[in-house]
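In case you want the letters, here they are:
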Amino acid sequence: MTTTRPPAPGADGDVHTVLGALRSPRVLRRELLAGLVVALALVPEAISFAVIVGVDPRVGLFTSVTMAMSIAVLGGRRAMISSATGAVAFVVAPVMHDHGLDYLLATVLLGGLVQVVLGLAGVARLMRFVPRGVMVGFVNSLAALLLLAQVPHVVGVPWVVYPMVVVGVAVVALWPRLTRAVPGPLVAIVLLTTVTVLAGLDVPDVGDEGALPSAPPMPVLPQVPLTWETLRIVGPYAVGLALVGLLETLVTADLVDRVTDTGSDKRREACGQGGANLVTGFFGGMGGCAVIGQSVMNTRVNGARTRLSTFSAGLFMLVLVLLLGDVVAAIPMAALVAVMLMVAWQSIDRESLTPTGVRTRPVRDTVAMLATLAAVVETHNLLVGLGVGVVVVGLASLLASVRSRRGR
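Reference entry: report on the structure contained in this document. (Residues numbered from 1 in each chain as written. Predicted model: local features only at pLDDT ≥ 70, side-chain atom pairs only at ≥ 80, totals over all residues. Heavy atoms only, no water.)

### Considering the overall build of the protein chain
Scanning the protein chain from N- to C-terminus turns up 18 helices and two strands. Principal-axis analysis of the C-alpha atoms places the extent of the protein chain at approximately 75 × 55 × 55 Å. Among the 408 residues that make up the protein chain, the fraction classed as buried is 52%. Residue pairs at least 24 apart in sequence account for 86% of intrachain contacts in the protein chain once pairs closer than 6 positions are excluded. Surface exposure of the protein chain reaches about 18,500 Å², of which carbon and sulfur atoms provide 67%. On the protein chain, the mean spot of the 29 positive side-chain charges and the mean spot of the 23 negative ones are 15 Å from each other. (Helix = DSSP H or I, 4+ residues; strand = E, 2+ residues; numbered from the N terminus. Buried < 20%, exposed > 50% of the residue type's maximum accessible area, 1.4 Å probe, protein only. Contact = heavy atoms within 4.5 Å. Areas by Shrake-Rupley, 256 points an atom, 1.4 Å probe, with all protein chains shown as cover. Lys, Arg positive; Asp, Glu negative; His and termini not counted. Charge placed at Lys NZ, Arg CZ, Asp CG, Glu CD.)

Written out as structure tokens, the structure reads:
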């Protein structure tokens, strides 16, 4: 017998759900605590992604704040978390490196507009046709880029950084065996920061990466000329942001649907992601999308089920970075490297790389996965990898069709 998930909630249902949470002390406590835990887990990753893009840590932090608070209102999947992500960071990093912050903001704004258009056009229905091999390659490629992005932080550094990274990885990996009440990455960061401060260790820290915020984000418009040349520069990256962001978002939404056994409005989620990126770009952010790890943490581990948890995650994060900026600046980069190494490890579809996984999956899927991975590692561009993977699948299907006809 098959089971059917409850239909995706509409706007009225969302309002009633949030009001119900506010009236119930137990539900309100659950949703707020879930938001607090997610906020704590988002801080190190937001800073790490800001470093990847080449912007001040405050840009990454405020990106996660605005993405979470906006998508809580605009999105179609309750209790799913959106923030700064590695997928979007790697897409927009070249714009920042080559043209500067104003062009980055223009890219985010245009990317958000493209997402709204694609959402209204029903692109969410088309994402289901992306081949599985390409999807696995996309996930593995993101993990590979995260690993490569850590190399500059472990080259030419004091020797003490290396044991710190090892300890951080061990804490993140082993802490969940003791308790899941507090995120392992947070424990690793607190431990390594405390040791660094008390021992007076001279190691690279977050403060070395740039100034942290002392005031809430303010509206800003990118100072770029409104010309075809500007569109030529930001257009490809904006489309890449839109497609990669929607792909990761819709994959995450499907996962949260399964975790919570509820439905979601994918069309609204696609449009909501565009709206959230428009808000984020308007407040000087670097763009983002749904994040798998924190979404699973929020729903499966913390038990959150309403938009209140998502909104409170962004609000708590804003309070943390504004009131505890000096503490955040003292975090050693070794702690963030350890966190990102574990994020990369947990992102890998390890079954696809094992001999058993390779034997049991269609050859076409394995070839598409490897082609996607190789293209992304070579170009550092997730969109190029997706294109290569789709082409490989198309060619494999064409060859299979030709062989089938010859065999008749």
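After that view of the structure, there is still more to cover.
### Topic: unusual backbone geometry
Leave glycine aside and you will find that most residues have negative phi; peptide bonds, for their part, are mostly trans. A positive phi angle is found at Ala-79, which is not glycine, with a value near 70 degrees. Along the chain, Ala-79 turns up in the loop between α3 (57-74) and β1 (82-83).

### Focus on the packing of aromatic side chains
In total, this model carries one aromatic pair according to the counting rule given. Their ring planes at 80 degrees and their centres at 5.7 Å tell us that Phe-282 and Phe-283 sit as a pair that is edge-to-face. Its guanidinium or amino end placed over the ring of Trp-345, Arg-350 lies 4.5 Å from that ring's centre, counting from NZ or CZ. (Phe/Tyr/Trp six-rings, centres within 6.5 Å; stacked < 30°, edge-to-face > 60°. Lys NZ or Arg CZ within 6 Å of the ring centre and 35° of its normal.)

### Remarks on the layout of surface pockets
In this structure, the largest pocket occupies an estimated 1,500 Å³ of space. Contributing to the lining of the largest pocket are 46 residues, with Ile-292, Gly-293, Val-296, Gln-346 and Ser-347 lying nearest its centre. For the lining of the largest pocket, the secondary-structure elements that each account for two or more residues are α2 (25-53), α7 (132-149), α8 (161-174), α9 (184-199), α10 (228-260), α12 (292-301) and α15 (333-347). Residue composition of the lining of the largest pocket, grouped by class: 27 nonpolar, ten polar and nine charged. (1 Å grid on protein atoms, 1.4 Å probe; cavity = no way out; pocket = protein on both sides within 12 Å on 5 of 7 lines; lining within 4 Å. Points joined across faces, edges and corners; volume = space filled by probe spheres on them. Nonpolar A, V, L, I, M, F, W, Y, C, P; charged D, E, K, R; others polar.)

### A word on a nonpolar patch on the surface
On the surface, Val-73, Leu-74, Phe-311, Leu-315, Val-319, Leu-323, Leu-324 and Val-327 cluster together into a nonpolar patch covering about 690 Å² of accessible area. Elements supplying a minimum of two residues to the nonpolar patch: α3 and α13 (307-323). Take the nonpolar patch: its biggest share by element is four residues, from α13. By the secondary structure assignment, Leu-323 is in helix α13. (Patch = residues over 30% accessible without salt bridge, like charges linked within 9 Å, V, L, I, M, F, W, Y side chains within 5 Å. Salt bridge = Lys/Arg side-chain N within 4 Å of Asp/Glu carboxyl O.)

### Details of α8
With 14 residues, α8 should reach 20 Å at 1.5 Å per residue; the first-to-last C-alpha distance of 20 Å fits that figure. Buried within α8 are the following residues: Val-161, Met-164, Val-165, Gly-168, Val-171 and Val-172. Buried residues of α8, viewed axially, fall in a sector of 130 degrees; they line one side. On its buried side, α8 packs onto α9 and α15. (Expected span 1.5 Å × (residues − 1). Arc of directions from axis to C-beta.)

### Describing α9
Residues spaced three or four apart along an α-helix face the same direction, because each turn holds 3.6 residues. When the terminal C-alpha atoms of α9 are compared, their 22 Å separation across 16 residues agrees well with the 22 Å that a helix rising 1.5 Å per residue should span. Restricting attention to buried positions, one finds in α9 the residues Gly-184, Leu-186, Val-187, Ala-188, Ile-189, Leu-192, Thr-193 and Thr-196. Packing partners of the buried residues in α9 comprise α2, α8 and α15.

### Some remarks on the pattern of salt bridges
For the structure shown, the criterion picks out eight salt bridges. The salt bridge involving Asp-254 is made with Lys-266; its shortest N-O contact spans 3.5 Å. Taken together, the residues Asp-254 in helix α10 and Lys-266 in helix α11 (residues 266-282) connect sequence positions twelve residues apart. A salt bridge links Asp-349 to Arg-361, with the shortest nitrogen-to-oxygen separation between them at 3.6 Å. On the criterion of sequence distance, the pair formed by Asp-349 in the loop between α15 and α16 (355-360) and Arg-361 in the loop between α16 and α17 (363-379) is long-range, its members being twelve residues apart.

### Here's the deal with the environment of Arg-58
Relative to the helices and strands, Arg-58 resides in helix α3. Arg-58 sits in the partly exposed class, given a relative accessible area of 33%. Expressed as a C-alpha distance, the spacing of Arg-58 and Leu-212, which sit 154 residues apart in the sequence, is 5.1 Å.

### Quick notes on the environment of Asn-381
Mapped onto the fold, Asn-381 is located in the loop between α17 and α18 (382-407). Once the C-alpha coordinates of Asn-381 and Ala-93 are considered, the two residues, 288 residues apart in sequence, prove to be 9.8 Å apart.

Function cannot be inferred from these measures alone, as they are strictly geometric.
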